[in-house]
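Structure assessment
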Amino acid sequence: MSITVLRQTATLTGLQDQGTPARPKSAPPCRLSGIDVSLEGAGDNGCGVWECTPGRFERQLDQAEVMHIVAGRGAFTPAGGEPIEFRSGDTLFFPARTRGEWRIDETMRKVFVVMASG
């Protein structure tokens, strides 16, 4: 067993390019990057660090997700709901099949855990 340590996650370098969102709502589209972390014993749950440049896009994940914002600010508007503002230091818990729109005002970086479908 080995413990993974990502030092100073808010300023960590070496994130890998992940392209653009599948459903962008702004032009030019946001740019995505991240690092997936392999965690022994986590089963099909996924985790890592993810970053998104300013812009807007639709959230499409079917899985539940927990995220801690380590840098940036913006808002998430759930389908049929009101905008939920967030900034660095906030932790968000998304139920499975949450749909809506992200608005990233300042490059956002988060630590995330996406739960396996169940």
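See the structure shown above.
All of the points below concern the structure found in this document.

Conventions and cut-offs
- Residues numbered from 1 in each chain as written.
- Predicted model: local features only at pLDDT ≥ 70, side-chain atom pairs only at ≥ 80, totals over all residues.
- Heavy atoms only, no water.
- Helix = DSSP H or I, 4+ residues; strand = E, 2+ residues; numbered from the N terminus.
- Rg over C-alpha atoms; globule rule 2.2 N^0.38 Å.
- Buried < 20%, exposed > 50% of the residue type's maximum accessible area, 1.4 Å probe, protein only.
- Contact = heavy atoms within 4.5 Å.
- Areas by Shrake-Rupley, 256 points an atom, 1.4 Å probe, with all protein chains shown as cover.
- Lys, Arg positive; Asp, Glu negative; His and termini not counted.
- Charge placed at Lys NZ, Arg CZ, Asp CG, Glu CD.

Comments concerning the overall build of the protein chain
A count of helical and extended segments in the protein chain gives 0 helices and 8 strands. Counting from the amino terminus, helix and strand elements in the protein chain follow one another as β-β-β-β-β-β-β-β. The C-alpha radius of gyration of the protein chain comes to 14 Å, within 12% of the 13 Å expected for a compact globule of 118 residues. If one aligns the C-alpha atoms of the protein chain with their principal axes, the spans along those axes are about 45 × 35 × 25 Å. For the protein chain, the proportion of its 118 residues judged to be buried stands at 34%. Contacts in the protein chain between residues far apart in sequence, at least 24 positions, make up 62% of those at least 6 positions apart. Total accessible area on the protein chain stands at roughly 7200 Å², and carbon and sulfur atoms take up 51% of it. Side chains of the protein chain give 13 positive and 14 negative charges; the mean places of these two sets differ by 3 Å.

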